[in-house]
Amino acid sequence: MSVARKDVAVVGGGPAGLLAALLIARTGAQTTLIAPAPRPDTRTTALLDGSVAILRDAGVWDVLRPGAAPLLKLRIIDGGRRLFRAPEVTFEAGEIGVEAFGWNVANAALTKALIEALANTPGVRIVTAEVRRSSPAADSVSLTLDDGATLDAALAVAADGRGSLLREAAGIGFKSRRAPQTALAFFVSHDRDHDGVSTEIQAEEGPFTLVPLPGKRSSVVWVASPARADSLLALSPEALAEAATLKSGRLLGAMRLEGAVGSFPITVGVATRFAAARTLLVGESGHVLPPIGAQGLNLGVRDAAGAAKAIATALAERRDVGDGRTLRAYARSRVGDVYSRAAATDLLNRSLLSSLTPVHAARGFGLAALSRIGPLRRFVMREGLAGGPAF
């Protein structure tokens with residue numbers, strides 16, 4: 001009896017794609033990763049507890065842990081100047097019996113650790129290239145590379161970002177909108193200890209977030225209007241650090257800029273399906289969220305684990321890994337998680353941008369309830385950490 005096809009091509013070299021390739025290879029599938037050389041990334045990711053568990057099972061967490069900072073508390077401050085101002089709310093990990101809500105890790109370090117793990121995984125083929133065309137057929141997906149070479153696979157995993165070529169080739173729609181915001185991402189050192197507290201200051205143009213790094217250092221994500229973001233990017237490093245110090249209300253004392261400043265537009269979007277035509281969507285090919293609540297890459301981590309689980313099941317049943325059962329299983333495993341997180345983060349972001357007084361009042365009352373009602377606060381904290389290991 002012949003064994004059904006088990007070759008998988010993962011397209012995309014971001015953390016979600018790299019993790020997907022690593023977990024899929026460990027199922028026994030013949031795995032090819034196709035991605036260009038990694039680009040510089042000034043962002044960090046607050047990896048929540050479930051994502052850390054997945055990375056630990058993948059064998060990369062021990063490499064990342066020394067450079068990661070625990071998030072012991074999450075603080076929300078209303079920094080707006082509107083009629084209704086919400087009270088400050090602090091969530092403590094110990095209140096729900098966990099060591100930390102998550103760990104803040106530099107994206108560059110995460111990418112490096114995953115690439116090294118892939119290089120040491122038997123049976124993985126790494127192709128440094130870009131895919132120019134994807135052609136799904138009844139029994140395979142044919143991928144044409146930028147050098148003209150072609151590669152056929154039983155299943156393609158699209159981790160090629162928000163403008164995914166593979167998603168479009170599979171006939172999957174993507175509903176998105178461009179928010180009137182741009183995010184700046186950079187690292188700072190500061191005079192005071194952060195004490196493991198991640199602080200989000202919610203303002204009219206979007207949140208200003210300080211996330212702990214080891215030592216007296218933090219990563220900053222500053223969401224502003226495009227015009228304001230352009231003016232900030234035009235500042236000298238010293239002037240930008242001073243602007244960030246003032247924006248933070250000097251919570252951590254004077255700040256000093258470390259390294260480069262990245263910027264990216266805020267887009268909110270979700271795919272209409274998560275699998276079709278022998279193609280699975282992983283990471284930003286399937287969902288793009290505002291940088292609120294640390295949901296974006298954590299969803300991508302769970303996508304990767306879900307893809308590996310669906311493929312492992314197909315292999316155990318000696319099926320073609322790209323058949324309809326695999327696609328349906330993956331889509332069912334991701335739809336609720338992705339849609340609920342995308343809706344929640346988009347709603348919160350819209351509430352910050354809204355000029356309607358009732359919206360501000362509702363947000364204020366909601367935060368006040370979280371501050372004063374312990375069972376509600378603990379429920380929200382557990383929900384925020386939901387979506388643990390899928391593989």
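First things first, this report covers the structure right here in the doc. Just so it is clear, the structure is predicted and the values come from calculations on it, not from any experiment.

What counts, and at which threshold
Residues numbered from 1 in each chain as written. Predicted model: local features only at pLDDT ≥ 70, side-chain atom pairs only at ≥ 80, totals over all residues. Heavy atoms only, no water. Buried < 20%, exposed > 50% of the residue type's maximum accessible area, 1.4 Å probe, protein only. Helix = DSSP H or I, 4+ residues; strand = E, 2+ residues; numbered from the N terminus. Pairing = 2+ DSSP bridges. Right-handed = clockwise from strand over helix to strand, strands pointing away. Salt bridge = Lys/Arg side-chain N within 4 Å of Asp/Glu carboxyl O. Expected span 1.5 Å × (residues − 1).

**Comments concerning the pairing of strand β1 (residues 7–11)**
Across a regular strand the side chains alternate sides, sitting on one face of the sheet and then on the other.
Thinking step 1. When you tally the buried positions in β1, you get 5 out of 5 residues, the bulk of the element.
Thinking step 2. Taking every second residue as pointing to the same face, both faces of β1 are buried, with Asp7, Ala9 and Val11 on one and Val8 and Val10 on the other.
Thinking step 3. Two strands pair when backbone bridges link them, and β1 and strand β2 (residues 30–35) are joined in this way by 5 bridges, in the parallel orientation. Bridge pairing in β2 places Val10 opposite Leu33.
Thinking step 4. Each parallel crossover has a hand, and the one from β1 via helix α1 (residues 15–25) to β2 is right-handed.
Thinking step 5. Inspection of the sheet shows β1 paired to strand β12 (residues 155–158) by 4 bridges, in the parallel sense. Within the sheet, the bridge partner assigned to Val11 lies in β12 and is Ala158.

**Some details on the pattern of salt bridges**
Where charged atoms from two side chains of opposite charge approach closely, those side chains can pair.
Thinking step 1. Summed over the entire model, instances satisfying the criterion amount to 14 salt bridges.
Thinking step 2. A salt bridge links Arg302 to Asp337; the shortest N-O distance between them is 2.7 Å. Of the two residues, Arg302 is situated in helix α8 (residues 296–316) and Asp337 in helix α9 (residues 324–353); the sequence distance between them amounts to 35 residues.
Thinking step 3. One salt bridge in this structure joins Glu317 and Arg319, with 2.7 Å as the shortest N-O distance.

**Observations regarding α8**
Thinking step 1. Compared with the 30 Å implied by 1.5 Å per residue over 21 residues, the 31 Å span of α8 between its first and last C-alpha is a close match.
Thinking step 2. α8 sits mainly inside the fold: 16 of its 21 residues count as buried.
Thinking step 3. Residue Arg318 follows α8 closely and has a positive phi angle near 55 degrees.

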